[in-house]
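Coordinate analysis (summary)
Spelled out from the first residue to the last, the chains are:
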Amino acid sequence: MRMSNMLIATLREVPAEAEIASHQLMLRAGLIRKMSSGIYNHLPLGVKVLKNVEEIIREEMEAKGAQELLCSAIIPAELWQESGRWDAYGAEMFRVKDRGNRDYCLGPTHEEVFTSTVKNEIKSYKQLPINLYQIQTKYRDERRPRFGVMRSREFIMKDAYSFDKDQEGLDIAFNKMHDAYVNIFNRCGLDAKCVEADSGAIGGSNSAEFMVKSEVGEDDIVFCTACDYAANIEKAEAIAEKAEEEALQEMKKVETPNSRTIEEVSEFLNVDTKKTVKTLLYNVDGKTVAVLVRGDREVNEVKVANASNATGDIELASHEQVMEATNAQTGFAGPVGIKVDLLLVDEEVKNMHNIIVGANETGYHLTGVNYGRDFEGVVGDFRNVEEGEKCPKCGGKITIAKGTEVGHIFKLGTKYSESMNAKFIDENGKEQPFIMGCYGIGVTRTVASIIEQHHDENGIIWPLEVAPYKVSVIAVNSKDEEQMKIAEEIYNNLRSLGLDVLFDDRKERAGVKFKDAELMGIPMRVVVGKKITDGEVEFRLRTSSDNEIIKIDEVEGRIRTEFEKNGLKLR
Ligand code: ATP
Ligand code: MG
């Protein structure tokens, strides 16, 4: 590409709207532009990178026998009503009507569409297994779109769906996708880790996420420092602490005026927060669910949602719901005599003695409360694991890091095939529901994550395989005919090798050209300057601050070496 013909949209200033490096650099290097909140246009340079990432994904998916198709983004409501998700999906779904007042949505994900496609096309076990995927635009009206294309309202996803006749088939499909994802993220230059994830009602080790460790990640990932255990905090199992034995006290009501929070109550009563228990009330599909965890712990809402069979996200109970359940203002809820549909008790709370809880009366708490004697509930793990706790697998020490989810692989089982009546005829002539898996990669988010892991103060540093252009050829003085001629020859020669090359033939100062090439993250640059009188040019890697002086006819070989180092081939 001749830069004199190119839409170059580089910015020198850091845009005020962007908080994180990848978002700033995608704007500054001219990859994306914002059109509306969480809605972006991809400029030519951005499209080049997207295509490269998509190509890697295609190759690795096809290597595992998956086939590409392309479904419509606009989906009739009936499909979602069949699966029961039209109502459950909630406000994140963009809904539209046609001129005949019929309901549609802009697909946030495509389980229903793929299930119905396979239901219509596949009748017999002989046509299984099958794995279909697409790379397509998804729509989600996110509550908090942010960080550019990391969490946007329109984004590109690779979604794949596997269909098998039995569980063993699904296990094989799942493992193949796991391996494909490892290869994809490796080739993208991403340091991504596969962690156990929550799989809702299905449970077990049926769901895994590929996480990129990142300061700006929105997920907490739990790692063991001694073994290979890694899980999303939503899923990570907490080991309940045993409390020391002590004589049971009598339950007493004490006045705690204006003390609502755990901190206020423990300070007022002069006790450790570890002696208190907090009672949180949730609205789960219109039902009131109370959860008890030790005062210094955090409730894990995913575990609560699973235990209460929630159909979607759960939310804290409204003030009215709290008043109804406790007969008191918010801040004084407790398990004794509370009126809720479900009372969940974290295992640690069951182990504690003589705890302090709200009295379900404004301005009062109870002391000396004990599980079994004074209240009962459903006991389980309902809290977040914390830094330094014991690993559930080996007992080692837990550490927690921030991460961004770039991919998700999930064993669905028969969730959609049952509800949508998608069946095949098995070996014995009997109808069976397809056993399904689904596998997503956020393509636009992957691009942002690559930048997050590969940049410096001067701009992006693309890993070679995803780089929009591999080499930039720069003539120092565009008025010097000889320099321009040699630069052009080098450019043409490199292009004839099938390389994506930038030729900076703009009538700009050399400094401007260097800055743009660095900002855009072009992995290699060839600078044609005064040294051509000795038959020499400068070669520099984006990752290095040293120039190599090489002969003009060594340029091709030098670039070949770099490709080989990265395990890539040139024509
Ligand atoms: P998150 O927890 O980040 O909202 P999710 O669990 O909703 O993700 P999936 O439904 O599993 O995500 O979607 C598959 C992939 O699509 C994710 O792994 C992520 O990489 C990407 N993705 C999801 N939501 C967005 C978004 N709003 N913007 C960009 N990429 C997204
Ligand atoms: Mg989401």
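Quick notes on the rules
- Residues numbered from 1 in each chain as written.
- Chains lettered and ligands numbered in written order.
- Predicted model: local features only at pLDDT ≥ 70, side-chain atom pairs only at ≥ 80, totals over all residues.
- Heavy atoms only, no water.
- UniProt positions renumbered as here; feature names shortened; annotations may be inferred.
- Pairing = 2+ DSSP bridges.
- Helix = DSSP H or I, 4+ residues; strand = E, 2+ residues; numbered from the N terminus.
- Axes fitted to C-alpha atoms, helices over the stretch in contact; angles between N-to-C directions.
- Buried < 20%, exposed > 50% of the residue type's maximum accessible area, 1.4 Å probe, protein only.
- Contact = heavy atoms within 4.5 Å.
- Parallel < 35°, antiparallel > 145°, perpendicular 65-115°, else oblique.
- Nonpolar A, V, L, I, M, F, W, Y, C, P; charged D, E, K, R; others polar.
- Left-handed = near helix turned anticlockwise from the far one by under 90°.
- Near = heavy atom within 4 Å.
- Polar contact = N/O pair within 3.5 Å; in protein donor to acceptor, adjacent residues only side chain to side chain.
- Areas by Shrake-Rupley, 256 points an atom, 1.4 Å probe, with all protein chains shown as cover.

An unreviewed UniProt entry annotates the protein as Proline--tRNA ligase of Clostridium thermobutyricum. The Sequence similarities (unreviewed entry) field of the UniProt record for the protein holds the comment "Belongs to the class-II aminoacyl-tRNA synthetase family. ProS type 1 subfamily." Looking at the Subunit (unreviewed entry) heading of the UniProt record, one finds this comment for the protein: "Homodimer."

**Structural notes on the sheet that holds strand E18 (residues 355-358)**
Strand order in the open sheet formed by three strands is E13-E19-E18, and the pairing between neighbours is antiparallel. Looking along the sheet, the strands with just one partner apiece sit at the ends: strand E13 (252-255) and E18. With strand direction ignored, the average angle separating the axes of adjacent strands in the sheet is 30 degrees. Two elements, E18 and strand E19 (residues 364-369), share three bridges in a ladder whose sense is antiparallel. From the neighbouring strand, Ile-355 faces E19, where its bridge partner is Val-369.

**Description of the sheet that holds strand E4 (residues 74-76)**
The three strands lie next to each other as E4-E6-E5, forming an open sheet whose pairing is antiparallel. Each edge of the open sheet is held by one strand with a lone partner, namely E4 and strand E5 (94-97). Sheet twist, expressed as the mean angle between neighbouring strand axes with direction ignored, is 35 degrees. Note: E4 against strand E6 (residues 103-106), three bridges, orientation antiparallel. In the sheet register, Pro-76 faces E6, and the bridge partner there is Tyr-104.

**What about the environment of Ser-417?**
Among the structural elements, Ser-417 can be located in helix H11 (residues 415-419). When its relative accessible area of 0% is taken as the criterion, Ser-417 is described as buried. Once the C-alpha coordinates of Ser-417 and Ala-401 are considered, the two residues, 16 residues apart in sequence, prove to be 37 Å apart. Ser-417 has contacts with Thr-115, Ala-422, Pro-433, Phe-434 and Met-436, leaving out every residue within four places of it along the chain.

**Some words on the packing of helix H1 (residues 21-28) against helix H12 (residues 443-453)**
Contact geometry for H1 and H12: axes closest at 8 Å, N-to-C directions at 105 degrees. By the angle between their directions, the pair H1 and H12 is classed as roughly perpendicular. Contacts between H1 and H12 involve Ala-21, Ser-22, Leu-25 and Met-26 from the former and Val-447, Ala-448, Ile-451 and Glu-452 from the latter. Among the residues forming the contact of H1 with H12, the class breakdown is six nonpolar, one polar and one charged.

**Observations regarding the packing of helix H2 (residues 44-63) against H12**
Angle between the axes and distance between the axes are the two parameters that describe a pair of packed helices. Between H2 and H12, whose axes approach to 10 Å, the crossing angle comes to 110 degrees. Considering the angle they form, H2 stands roughly perpendicular to H12. Of the two elements, H2 crosses H12, and the hand of that crossing is right-handed. Contacts between H2 and H12 involve Val-49, Leu-50, Val-53, Glu-54 and Ile-57 from the first element and Val-443, Thr-444, Thr-446, Val-447 and Ile-450 from the second.

**A word on the site of ligand 1**
The local shell around ligand 1 holds 14 residues, among which Arg-140, Glu-142, Arg-151, Ser-152 and Glu-405 are the closest. Residue Arg-140 places a side-chain N or O atom 2.9 Å away from an oxygen atom belonging to ligand 1. Protein contact buries 82% of the 590 Å² of open area that ligand 1 shows by itself. Among the elements of the structure, strand E8 (154-164) and strand E21 (398-413) are those that each provide at least two residues to the shell around ligand 1. For the shell around ligand 1, the element with the most residues is E21, which contributes four residues.

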